[in-house]
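Residue strings, one per chain:
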Amino acid sequence: VQYIFNEDISALKNYVGQHAIFIIDNNVWQHHSLMFNGEKVILFDANEANKKQSTINFLIEQLIALEADRTSFLVGIGGGVCTDMVGYVASIYMRGLKFGFVPTTILAMVDAAIGGKNGIDVGLYKNMVGTINQPQFIFYHYNLLQSLSEVEFINGFAEIIKHAAIKDKELFKLLQQHSIADFRNNTALLHEVVYKNVQIKNQVVTTDELEQHERKLLNFGHTIGHAIENLYQLPHGHAISIGMCMEAHISEEINNFYSEEKLALTQLLQQYGLPTHLTIDKEKVWDILLKDKKRAQENMAMVLLRSIGNATVETIPLVQLKDLFNTLF
Ligand SMILES: NC(=O)c1ccc[n+]([C@@H]2O[C@H](COP(=O)([O-])OP(=O)(O)OC[C@H]3O[C@@H](n4cnc5c(N)ncnc54)[C@H](O)[C@@H]3O)[C@@H](O)[C@H]2O)c1
């Protein structure tokens, strides 16, 4: 995968060959259509509710209408929903076309576009169907973020703080010195942090594409986060933020994670506009947790912090986890 930074959008054409088709999130098109003047374009509503097979069928029909063939190159331009879907459709259309991404959300830039996982939801089951297939390139163009809402900007920072917590104490310290507004107003600073995060995620997924160990660390905050996300209809970043706080508490109880560092993590999340507390129905959340993919019989694998920048995967007996869970907040 080639990571492309600091190039004008017009340079995209140098990476896509003769037969490029741009598949663009409608919201991105609305604000930035001029950037893609004269290209072959397919537009669609890239939201989570549309991240499903019928939308893939629509994209396939559009590709057929545009006479896409094995020499075509697909470019997904949008947030994580768009890149997940374009990666998937590119993997199955005519048994696979080359593709690349222009991520347009913070989350897609630092997370979703990287690593080759793609796919769609099936009913309530997120990312149930998909492939692992790497794009040719990921093209970073920060001007696209000017139209991104504050909520989505903050959502992306939940994953950035997660990366710092599991892998990079220096990044954590850098984040402590800034705020969302700093990153919105200072592209050089934003680039510094996005670039560090690309390196972190890329390093993790290249060492462990198939999620044997290292890649599991990316699930910090996501075990409890996913359980509360749907139940309480939370934005993903909010759910992960609360999940990280709860899992930091469990880390303190059984992984010797310092309480001062737990406090620092909570404060950093608050500094970036993220919630750190939620009153939950413990029985309901516990029932959802039991269905987690990371459960194996009577144990749950959970990512815990040992210190800021250092995470481990621990196997916790369900009986013990249940007790810990009951001591949360
Ligand atoms: N493949 C992976 O490894 C991976 C990792 C993490 C998340 N994901 C997936 O990513 C998805 C979430 O991605 P997301 O947070 O980017 O959400 P998203 O793609 O839904 O984008 C969020 C919202 O912002 C809009 N938008 C996007 N870019 C914009 C821009 N530049 N200006 C204005 N509006 C813009 C979108 O239309 C949407 O309404 C989830 O489906 C998740 O499963 C995948």
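Further up the page is the structure itself.
Remember, predicted model here, so these are calculated numbers, not experimental data.

K.L.:
What's the story with the environment of Asp8 in this structure? I'm lost.
P.N.:
Summarising the element assignment, Asp8 is placed in the loop between β1 (2-4) and β2 (20-25). For the pair Asp8 and Asn47, spaced 39 residues apart in sequence, the C-alpha to C-alpha distance is 27 Å. In this structure, Asp8 is in contact with Phe139 and His141, ignoring residues within four places of it in sequence. For Asp8, the side chain forms a polar contact with the side chain of Ser10, separated by 2.8 Å.

K.L.:
Can you help me understand helix α12 (residues 282-289) in this one?
P.N.:
Given 3.6 residues to a turn, an α-helix orients residues that are three or four positions apart in the same direction. Residues Val285, Trp286 and Leu289 constitute the buried set of α12. On an axial view of α12, the arc spanned by its buried residues comes to 100°, and they lie on one face. Taken together, the buried residues of α12 touch α9 (222-231), β10 (299-307) and α13 (318-326).

K.L.:
It is not clear to me how the packing of aromatic side chains should be interpreted in this structure. Could you clarify?
P.N.:
Evaluation of the coordinates by the stated rule reveals 12 aromatic pairs. With a centroid separation of 5.3 Å and an interplanar angle of 10°, the aromatic rings of Phe157 and Tyr272 are classed as stacked. With Phe157 in helix α5 (residues 150-167) and Tyr272 in the loop between α11 (259-271) and α12, this residue pair connects regions lying 115 residues apart in the sequence. Across the pair, Tyr272 and Phe157 agree in class, each one buried. Between Trp286 and Phe325, the ring centres sit 5.6 Å apart and the planes meet at 45°, which makes this aromatic pair tilted. Of this pair, Trp286 sits in helix α12 while Phe325 sits in helix α13, and the two are 39 residues apart along the sequence. Judged on exposure class, the residue Trp286 and its partner Phe325 are both buried. Through successive ring pairs, a cluster of aromatic residues spans Tyr15, Phe73, Phe137 and Phe139.

Criteria and cut-off values
- Residues numbered from 1 in each chain as written.
- Predicted model: local features only at pLDDT ≥ 70, side-chain atom pairs only at ≥ 80, totals over all residues.
- Heavy atoms only, no water.
- Helix = DSSP H or I, 4+ residues; strand = E, 2+ residues; numbered from the N terminus.
- Contact = heavy atoms within 4.5 Å.
- Polar contact = N/O pair within 3.5 Å; in protein donor to acceptor, adjacent residues only side chain to side chain.
- Buried < 20%, exposed > 50% of the residue type's maximum accessible area, 1.4 Å probe, protein only.
- Arc of directions from axis to C-beta.
- Phe/Tyr/Trp six-rings, centres within 6.5 Å; stacked < 30°, edge-to-face > 60°.

Any functional reading would require information that these geometric values do not contain.
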